[in-house]
Amino acid sequence: MRISLDPEQCYGSGDCVHRAPSVFTKVDGLGAVIPGREYDVDAPRVREAAEGCPSAAITITRADTEEDRG
């Protein structure tokens with residue numbers, strides 16, 4: 001599973017940072033996934049952040065292979 005956050009959709013509420021500060025941060029006032037944390041979706045707080053994002057900017061997708069991880 002992979003976490004991504006669309007900065008064009010985000011309006012900077014900071015809810016993701018509040019819910020899962022070990023995975024999300026703010027960059028230029030908008031939410032962002034901390035580099036190297038794109039695959040930390042096991043934590044329930046990350047799923048809560050995605051489900052509760054007021055701008056629906058966070059997505060969690062399935063990474064089927066190691067190749068998908070870049």
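Coordinates for the structure precede this section.
Quick look at the structure, then.

Basis of the calculations
Residues numbered from 1 in each chain as written. Predicted model: local features only at pLDDT ≥ 70, side-chain atom pairs only at ≥ 80, totals over all residues. Heavy atoms only, no water. Helix = DSSP H or I, 4+ residues; strand = E, 2+ residues; numbered from the N terminus. Buried < 20%, exposed > 50% of the residue type's maximum accessible area, 1.4 Å probe, protein only. Contact = heavy atoms within 4.5 Å. Areas by Shrake-Rupley, 256 points an atom, 1.4 Å probe, with all protein chains shown as cover. Pairing = 2+ DSSP bridges. 1 Å grid on protein atoms, 1.4 Å probe; cavity = no way out; pocket = protein on both sides within 12 Å on 5 of 7 lines; lining within 4 Å. Points joined across faces, edges and corners; volume = space filled by probe spheres on them. Nonpolar A, V, L, I, M, F, W, Y, C, P; charged D, E, K, R; others polar. Arc of directions from axis to C-beta.

### Quick look at the overall build of the protein
Within the protein, the secondary structure is distributed over two helices and four strands. Every one of the 70 residues in the protein was classed for burial, and the buried ones make up 31%. For the protein, restricting intrachain contacts to residue pairs at least 6 apart in sequence, the fraction spanning at least 24 positions comes to 58%. Just so you have it, the protein exposes about 4,500 Å², and 46% of that area is on carbon and sulfur atoms.

### Focus: the pairing of strand β2 (residues 24-27)
Strand direction decides the pairing type here: β2 and strand β3 (residues 30-33), joined by four bridges, are antiparallel. By the bridge assignment for β3, V27 is matched with L30. If you look at the hairpin formed by β2 and β3, you'll find two residues sitting between the two strands, and D28 has a positive phi there, around 55°.

### Quick notes on empty space enclosed by the protein
Applying the stated criterion across every chain yields a total of one cavity of 30 Å³ or more. Roughly 100 Å³ of volume is contained in the largest cavity. Broken down by class, the residue content of the lining of the largest cavity amounts to eight nonpolar, five polar and two charged.

### Considerations on the environment of T61
As for its position among the elements, T61 is in strand β4 (residues 58-61). The spacing of T61 and M1 is 60 residues in sequence and 5.3 Å in space, taken between C-alpha atoms.

### Considering helix α2 (residues 44-52)
Residues of α2 that are buried: V46, A49 and A50. Along the long axis of α2, the arc covered by the buried residues comes to 95°, so they all point the same way. Turned more than 90 degrees from where α2 packs its buried face, P44 and E51 sit exposed. Each element contacted by the buried residues of α2 is listed here: β1 (2-5), α1 (15-19), β2 and β4.

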